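# A structural walkthrough
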Amino acid sequence: MKEVRTKVPATTANLGPGFDCLGIALRIYNEVIVRAAPGHPDGMADQAAEAFFTRADIAPFDFDWSVKGQVPRSRGMGSSVTVRLGLLHGLNELADGPLSDVALYQLCCDLEGHPDNAAPAAFGGFTVARKDASFQRYKVSKKLRFVLLVPDFEVETPAARKALPERIPFKDAVVSASNAAAISAAFASEEYENLRGTFTDYLHQPYRLPLIPCLNDVIAAGEKAGAIGGWLSGSGSTIACVTLADPEKVARAMQEASGLKNTKVFITQADNKGARVKVRS
Ligand SMILES: Nc1ncnc2c1ncn2[C@@H]1O[C@H](COP(=O)(O)OP(=O)(O)OP(=O)(O)O)[C@@H](O)[C@H]1O
Ligand SMILES: N[C@@H](CCO)C(=O)O
């Protein structure tokens with residue numbers, strides 16, 4: 001029986017002001033297994049399959065699937081993309097590869113509704129992705145450590161998007177746009193010290209604060225412990241800091257400032273490869 005295993009990295013998206021645009025792949029993974037066997041996919045799997053068969057213009061076939069791995073669900077680390085992209089790659093291999101990696105990524109963006117998690121998960125590194133799914137990708141140095149504080153509560157992306165306003169003040173848009181541009185320039189040039197002060201965001205974090213009340217305290221504590229800066233990872237609930245030094249100290253400070261019990265902490269580096277596919281016949 002043909003079986004496809006796709007390892008897909010977790011991601012941290014937005015990076016503060018790069019809302020729906022910036023993202024980084026992390027060395028934390030889910031593996032999605034798709035088999036040519038009778039199965040009853042529903043929900044996300046059914047949606048992904050329908051989109052795949054339509055885009056590939058082929059007759060639907062039976063498949064079974066499962067997912068395992070370390071990516072926490074509904075915590076702002078791109079778990080939905082790991083599932084969707086893994087399913088799309090699995091189905092594509094079972095169908096002998098009618099779609100390119102870029103086409104699968106674009107399909108994943110359509111399903112997600114925004115490309116900021118899908119681009120780094122698909123291709124690795126730091127990505128700048130636009131609404132039309134076009135993207136630019138840069139390698140991220142191993143020197144950078146990402147500290148992720150994962151609360152024990154979930155935040156579903158649709159709920160976190162409902163918290164966003166229709167309009168924002170012009171001056172908030174100006175500061176956020178210049179900060180997002182500065183973040184992109186710093187990653188492109190690998191001048192990571194230039195990231196200091198650039199993660200300040202007025203597009204989404206202030207409006208999501210009621211969902212993650214400890215957010216600003218945790219970021220401030222991480223920075224005080226030496227981190228370059230921090231942000232709400234994706235739509236939360238995870239809070240991310242990036243540092244060039246002493247990640248354990250940053251992690252301890254973040255945890256203490258959160259006032260939360262039962263948090264999980266990841267200290268990791270960027271993944272520069274993106275999704276990888278293994279086929280067994
Ligand atoms: N291991 C899993 N098994 C099955 N479904 C999963 C798994 N992980 C995530 N999902 C699906 O993805 C949904 C979570 O998507 P959501 O966009 O809310 O969170 P996220 O992708 O983790 O966060 P973000 O998009 O902010 O990074 C879950 O409700 C579920 O449908
Ligand atoms: N950019 C998205 C990421 C979550 O999928 C958001 O913040 O809503």
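Cut-offs applied
Residues numbered from 1 in each chain as written. Chains lettered and ligands numbered in written order. Predicted model: local features only at pLDDT ≥ 70, side-chain atom pairs only at ≥ 80, totals over all residues. Heavy atoms only, no water. UniProt positions renumbered as here; feature names shortened; annotations may be inferred. Domains from an automatic or database assignment. Contact = heavy atoms within 4.5 Å. Buried area = accessible area lost by both parts, 1.4 Å probe. Salt bridge = Lys/Arg side-chain N within 4 Å of Asp/Glu carboxyl O. Polar contact = N/O pair within 3.5 Å; in protein donor to acceptor, adjacent residues only side chain to side chain. Helix = DSSP H or I, 4+ residues; strand = E, 2+ residues; numbered from the N terminus. Nonpolar A, V, L, I, M, F, W, Y, C, P; charged D, E, K, R; others polar. Near = heavy atom within 4 Å. Areas by Shrake-Rupley, 256 points an atom, 1.4 Å probe, with all protein chains shown as cover. 1 Å grid on protein atoms, 1.4 Å probe; cavity = no way out; pocket = protein on both sides within 12 Å on 5 of 7 lines; lining within 4 Å. Sits in = over half its atoms within 2 Å of the grid points.

Per an unreviewed UniProt entry, the recorded name for the protein is Homoserine kinase, and the organism is Terrimicrobium sacchariphilum. Note on the protein: under the UniProt heading Sequence similarities (unreviewed entry), the record states "Belongs to the GHMP kinase family. Homoserine kinase subfamily." Of the comments in the UniProt record for the protein, the one headed Function (unreviewed entry) reads "Catalyzes the ATP-dependent phosphorylation of L-homoserine to L-homoserine phosphate."

## What about the domain arrangement of the protein?
Looking at the assigned domains, one finds that the protein contains domain 1 (3–139 + 270–280) and domain 2 (145–268). The distance between the C-alpha centroids of domain 1 and domain 2 comes to 24 Å. Domain 1 puts 28 residues into the contact, and the matching count from domain 2 is 40 residues. Summing both partners gives a buried area of about 2,400 Å² for domain 1 against domain 2, and 63% of it is carried by carbon and sulfur. With a closest N to O distance of 2.7 Å, D20 and R161 form a salt bridge. Our count for the contact surface shared by domain 1 and domain 2 stands at 14 residue pairs in polar contact (both at pLDDT 80 or more). Every element with two or more residues in the side of domain 1 that touches domain 2 is listed here: β1 (3–13), β2 (22–35) and β4 (126–129). At 5 residues, β2 tops the list of elements feeding residues into the side of domain 1 that touches domain 2. Of the residues contributing to the side of domain 1 that touches domain 2, the split by class is 14 nonpolar, 9 polar and 5 charged.

## Things to note about unusual backbone geometry
Residue S237 is bonded to the preceding G236 through a cis peptide linkage, with omega at 15°. Mapped onto the secondary structure, S237 falls in the loop between β7 (229–232) and β8 (239–243). Unusually for a residue other than glycine, D57 sits at a positive phi of about 60°. Its location among the elements puts D57 in the loop between α1 (43–56) and β3 (64–69).

## A few points about the site of ligand 1
Taken together, 16 residues lie around ligand 1, and G78, S79, S80, T157 and S235 are the ones closest in. G76 places a main-chain nitrogen or oxygen 3.4 Å from an oxygen atom of ligand 1. Protein contacts shield 82% of the accessible area of ligand 1, which totals 640 Å² for the unbound molecule. The cavity that encloses ligand 1 is the largest pocket.

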